[in-house]
Structure formats: structure tokens, C-alpha cells
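Residue-level structure breakdown
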Amino acid sequence: MKSRVPVIRRTASVTSQAGLGERIFSTSADRGLAANIDAGIEKVEAALIDELVYANEIATVTSRYLLNAGGKRVRPMLALLTAHLGEGVVPDVVTAATAIELTHLASLYHDDVMDDADKRRGVPSAQTVWGNSIAILTGDLLFARASQLMARLGERAIKLQATTFERLVLGQFQETVGPRVGEDPVAHYIQVLAGKTGSLIAAAAQGGVVFSNAPAEYEQPVVDFGEKIGVAFQLIDDVLDLSPQPQETGKVPGTDLRAGVVTLPVLRLRERAASDGASADLLERLERDVMTAGAEQGADADAAITALREHAVTAETLAEAHGWARDAVAALAPLPNGSVKKALTRFAESIVERSS
């Protein structure tokens, strides 16, 4: 019997936290800010380990499994960064950043069940090791622990966590149900990304402002930034899903497509297929050899994925990601000039640069 709990598909992944930090804190003038964030990340890491302890020993092992496999800590770093618009990395910010990372981590367990993924972060996925039920229950435990952490911070934090979780689930629900009759599939897809990916990144940026007691007028700009950069984040992931270098992504090329997940390159290909024979042929190959349940996933699937990677629609997806990143930076206009605003700008640039 399948679990009734909501299951969240993968959020995007990026380069290592250290590599990203080098990109956004690239000048000597930023070293003090970078040092504070590095110290904050160490506190978040310690908190993650402390929080993932349960009365059931097996639950502790499964909950720490993907944590021990590594991770980018992009969301906590973003919270720690925006906190410097206020009082800096105070204890409440560390707690919020930890809860947000636990929420993200929980979504990965559920995601791998949805996608029937073999690997995550370069190791066998939890559902491959323990089965679907344990993977889903582990994700549930992590969601619950994240909620407990937010409850320590008061009603504002509880509402932020609940709203974010609701948007994550609704985003997955929209993706699972698909666009309504007459609805633009691309617009629907972007809405899904805003709910599933943008909401959690926006919550991280918002949490840094709220729990550092930064001026209230800074809250909406960083929320808008997070929403938009979250869409860019996932569009780049759509491109990276086609990467021929699995050692960099930790996944087989076309993992999403092989799981039947429709990404923006496929949506754009469907638009072209109506008037372009070559695009129609490629779409047929993808749907038959890659995206159909039970497809052999052999040489024909590999060739179709390669053809999609080299098609113009993938370059278009990359261009759209850059556009969302530019809009994210524009949303920062109300923030004061300084190291934080500059680092957020570089953060946005680093998101789209990872595809190069």
C-alpha cells in the first residue's frame, strides 16, 4: 500500500558550498562576511548532526544517510548571508537555517521515491538501500524535526515553515496532475518550479532577514529574489540533467527524463514539433525510448538524450535561466549597496554559471 503522505520531487542541486562561496566572496573586502558565514555554516552542520538523533537507532541511521553523503548547504548559506542585513548570524538564524536545510533534505528522500532514482549525491538512493516505505518515513521524520525547530522560534517561524511546506506539496501536486485543458504548459511548469524550488529558497532568504531583526522593508526584496533565483536554479538543473558527465552531477544523463519527468527542453521541443519535422522525430524518440515506462534505456535512449542536449531548445532553456537570474538581481534594488547585495548578485550569477 502506498503512503498517503505528500511526496516531493527533486529540488535543484549545485556546486559544492565551498566552490560557491569562492565565487560570491571573491574579493578581500568580502573576507569578513565570508568568515562569518563559514562560521555559521559550521554551526548549522553541527546542529544538523545533533538534530538527527532518534529513539529508534535505525531511524537515526537512515536520517543521517544523505546528510553524511555531503550536500551543498546553499539554502543555509543564503539565510546566513541575508542575516547580515540585520544583526548577523545570531542563534535564531542558525536554528532557522538548520530547519530549512532539514526540509530540503527531507524532500530528497521523497523525491527519489517519486523518480525511482538509483543514486543521490553519488551514493545509492535511500529507497534503493531500504525500500520506498523507509525512505518516505525518513523524509517524514525530517519534515517533523524541521517543524520542531521552527516552533522554537515562535509563531512567525511556524507560519513560515507551514506556508513553505504547503507550497512545496502544492507544487508537486500541480506537477503530478499536469496543466489544465487550455493552460500553457510552459507557464504551468514555471508555476510548479516557483512552488517547489523557489518557495524554499525564498524561505531561506526571508528567514535570514526575519530572524536577524533586519529592517522589514528588506524582507520582500529577498523573497522576490529567492523566488526568481529558484526558478533559474531549476531551469539550470534541467540543462544539467542532460550532462554527459555523471561524475559531476552524480546522476546518469537524463535521469529526470528516464523517470518520465517533463522538463523545459522537452516542453519547448513539443512546441517546435508542431511545425518542425526534425523536432517531431526527436520528440517521438524521447517519448518512446526514454520517457515511457518499461523502455529498455539502452543505446537508443542515450542517443536521444544526446540529441536533446545538442538541440536548440536546450540552449533556449539556458537563456531563460539567465533571464530569471537577471530578474532576481533586479529585485534586490531596494537593498542598500554593500557586501551583502554584491554577494547576492554573485550568488545569482553563480547559479547560471554552473552550466558552463
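Please read these numbers as outputs of a predicted model, since none were measured by experiment. (Residues numbered from 1 in each chain as written. Predicted model: local features only at pLDDT ≥ 70, side-chain atom pairs only at ≥ 80, totals over all residues. Heavy atoms only, no water.)

1. Some points on the overall build of the chain
Secondary structure summary: the chain contains 17 helices and 2 strands in total. Put simply, the chain has 356 residues, and 54% of those count as buried. Considering only residue pairs separated by 6 or more positions, the chain has 74% of its internal contacts joining residues 24 or more positions apart. Carbon and sulfur atoms form 53% of the exposed surface of the chain, whose accessible area is close to 15100 Å². (Helix = DSSP H or I, 4+ residues; strand = E, 2+ residues; numbered from the N terminus. Buried < 20%, exposed > 50% of the residue type's maximum accessible area, 1.4 Å probe, protein only. Contact = heavy atoms within 4.5 Å. Areas by Shrake-Rupley, 256 points an atom, 1.4 Å probe, with all protein chains shown as cover.)

2. With respect to the packing of aromatic side chains
By the definition in use, this model includes 3 aromatic pairs. Measuring from centroid to centroid gives 6.2 Å for F225 and F347, while their planes differ by 50°, and the two rings are tilted. Linking F225 in helix α10 (residues 219-240) with F347 in helix α17 (residues 339-353), this pair joins segments that are 122 residues apart in sequence. Owing to a relative accessible area of 1%, F347 belongs among the buried residues under this scheme. (Phe/Tyr/Trp six-rings, centres within 6.5 Å; stacked < 30°, edge-to-face > 60°.)

3. Here we look at the confidence of the model for the chain
When pLDDT is averaged across the chain, the result is 87; 88% of the residues are at 70 or more. Contacts of residues 1-19 to residues separated by more than four positions or lying in other chains number 62 contacts, the stretch itself having pLDDT below 50. (pLDDT = per-residue confidence, 0-100.)

4. Section: the side chain of H188
With respect to the element layout, H188 can be found in helix α9 (residues 185-210). Setting aside anything within four residues of it in sequence, one finds H188 in contact with Q174, E175, G178, P179 and E183.

5. Quick look at helix α16 (residues 312-330)
End to end, α16 covers 27 Å across 19 residues, agreeing with the expected 27 Å (1.5 Å per residue, within 8%). Within α16, burial applies to V313, T314, T317, A321, G323, A325 and A328. At its buried positions, α16 is contacted by α10, α13 (264-273), α15 (299-310) and α17. (Expected span 1.5 Å × (residues − 1).)

6. Considerations on unusual backbone geometry
Phi is mostly negative for residues that are not glycine, and the peptide bonds are mostly trans. Residue R73 is not a glycine yet carries a positive backbone phi of 55°. For R73, the position within the fold is in the loop between α3 (57-68) and α4 (74-82). For N213, which is not glycine, the phi dihedral falls at a positive 60°. For N213, a relative accessible area of 53% corresponds to the exposed category.

7. Focus: the environment of Q191
Inspection of the secondary structure puts Q191 in helix α9. For the pair formed by Q191 and E175, sequence separation is 16 residues and the distance between their alpha carbons is 9.2 Å. Beyond its immediate stretch of four places on either side in the chain, Q191 contacts Q174 and E183.

8. What to know about a nonpolar patch on the surface
On the surface, a cluster of nonpolar side chains totalling about 400 Å² of accessible area is made up of V61, V129, W130, I134 and L137. Sorting the residues of the nonpolar patch by element identifies α6 (126-130) and α7 (132-151) as the ones contributing at least two each. Inspection of the secondary structure puts L137 in helix α7. (Patch = residues over 30% accessible without salt bridge, like charges linked within 9 Å, V, L, I, M, F, W, Y side chains within 5 Å. Salt bridge = Lys/Arg side-chain N within 4 Å of Asp/Glu carboxyl O.)

9. A short note on the packing of α4 against helix α5 (residues 91-115)
Geometry of a packed helix pair, given as the angle between the helix axes and the separation of the axes. Taken N-terminus to C-terminus, the directions of α4 and α5 make an angle of 155°; their axes are 8 Å apart at the nearest point. By the angle between their directions, the pair α4 and α5 is classed as roughly antiparallel. In the packing of α4 onto α5, the handedness of the crossing is right-handed. Residues R75, P76, A79 and L80 of α4 touch α5, and the partners they reach there are V93, A97, I100, E101 and H104. (Axes fitted to C-alpha atoms, helices over the stretch in contact; angles between N-to-C directions. Parallel < 35°, antiparallel > 145°, perpendicular 65-115°, else oblique. Left-handed = near helix turned anticlockwise from the far one by under 90°.)

10. A short note on the nonpolar core
F225 and I229 are the most contacted members of the largest nonpolar core, which totals 81 residues. Counting residues in each nonpolar core, the second largest holds 15 residues, with L286, A304, I305 and V313 among its members. (Core = buried A, V, L, I, M, F, W, Y, C linked by side-chain atoms within 4.5 Å.)

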